Amino acid sequence: RNFSQYTGLESSAGWETIVLPFDVQRTAHAAKGEIVPFGTAATSHNQYWLAEADGAAFKAASAIKANVPYIIAMPNNAAYGEHSLNGQITFSAEEAMIYATDESMVGQLGDFTLVPTYEKLDADKGIYALNAGSKHESYSSGSVFVAGKYAVRPFSAYVVPVQEEEAAPMYRITFSEGDTAEE
């Protein structure tokens, strides 16, 4: 998968969603070799951000598990220097078993649910797709899920409101230690 979004400094930007049908055993950058999520015990100095839903917001994750939706960002900012990881990233596993998806593999984000998909979904008012690759109003690319504006790519995720009639028009990416998840 090619990652090219600009990531901000101390701001939520450059996020994408990902879901894979296997437990990832190795993640590699085309030129820099093996990379790992921040916070893992691995020895690679090339790290990326990976987060999963934790009930109210997102929290850091240390591995990509089968059929679980995540948000992911590769450092891509001049301030990161040699640690920038934009470009081709390969997620792999050996002898992986791929099973039919389980609809229970969703993540809860307060009043929203993070839903994985393996197929392309057109923009729809009930689907909040991440603004990956596109600024939305004053929000940076890859920072907010917006209802009915963007298509959802295969092997990614989107959010849906728990109660559609009371739903906010967007869901801003925040983390467990942040103050709010809705706009």
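Rules of the game
- Residues numbered from 1 in each chain as written.
- Predicted model: local features only at pLDDT ≥ 70, side-chain atom pairs only at ≥ 80, totals over all residues.
- Heavy atoms only, no water.
- Helix = DSSP H or I, 4+ residues; strand = E, 2+ residues; numbered from the N terminus.
- Polar contact = N/O pair within 3.5 Å; in protein donor to acceptor, adjacent residues only side chain to side chain.
- Phe/Tyr/Trp six-rings, centres within 6.5 Å; stacked < 30°, edge-to-face > 60°.
- Buried < 20%, exposed > 50% of the residue type's maximum accessible area, 1.4 Å probe, protein only.
- Salt bridge = Lys/Arg side-chain N within 4 Å of Asp/Glu carboxyl O.
- Contact = heavy atoms within 4.5 Å.

Draft legend 1. Quick look at the side chain of Thr17. Following the sequence through the fold, Thr17 ends up in strand 2 (residues 16-18). In this structure the side chain of Thr17 is engaged in a polar contact, spanning 2.9 Å, whose partner is the backbone nitrogen of Ala157.

Draft legend 2. Here's a closer look at the packing of aromatic side chains. Using the criterion set out here, one finds ten aromatic pairs in the structure. With 5.2 Å between their ring centres and 35° between their planes, Phe38 and Trp49 make a pair best called tilted. On the criterion of sequence distance, the pair formed by Phe38 in the loop between strand 4 (33-37) and strand 5 (47-53) and Trp49 in strand 5 is long-range, its members being eleven residues apart. Classification of Phe38 as partly exposed rests on a relative accessible area of 34%. With relative accessibility at 26%, the residue Trp49 sits in the partly exposed group. Clustering of aromatic rings is evident, with ring pairs tying together Trp15, Phe58, Phe112, Tyr128, Phe145, Tyr171 and Phe175.

Draft legend 3. Representation of unusual backbone geometry in the model. The backbone of Asn67 shows a phi angle near 65°, a positive value even though the residue is not glycine. For Asn67, a relative accessible area of 9% corresponds to the buried category. The phi dihedral of Phe155 is positive, around 60°, even though this residue is not glycine. Structurally, Phe155 can be placed in the loop between strand 12 (144-147) and strand 13 (156-161).

Draft legend 4. Up close: the pattern of salt bridges. This model, assessed by the stated rule, comprises three salt bridges. For the salt bridge of Glu16 with Arg1, the shortest nitrogen-to-oxygen distance reads 3.2 Å. You can see Glu16 sitting in strand 2 and its partner Arg1 sitting in the segment before strand 1 (2-3), a full 15 residues away along the chain. On the basis of relative accessible area, Glu16 is assigned to the buried category, the value being 4%. Lys120 is the salt-bridge partner of Asp122, the closest N and O atoms lying 3.0 Å from each other. Overall, the relative accessible area of 52% leaves Lys120 in the exposed class.

Draft legend 5. Up close: the environment of Arg153. Within the element layout of this structure, Arg153 appears in the loop between strand 12 and strand 13. The exposure class assigned to Arg153 is partly exposed, which follows from its relative accessible area of 44%. Separated by 36 residues in sequence, Arg153 and Thr117 place their C-alpha atoms 8.2 Å apart. Arg153 has contacts with Arg1, Glu16, Thr117, Glu119 and Lys120, leaving out every residue within four places of it along the chain.

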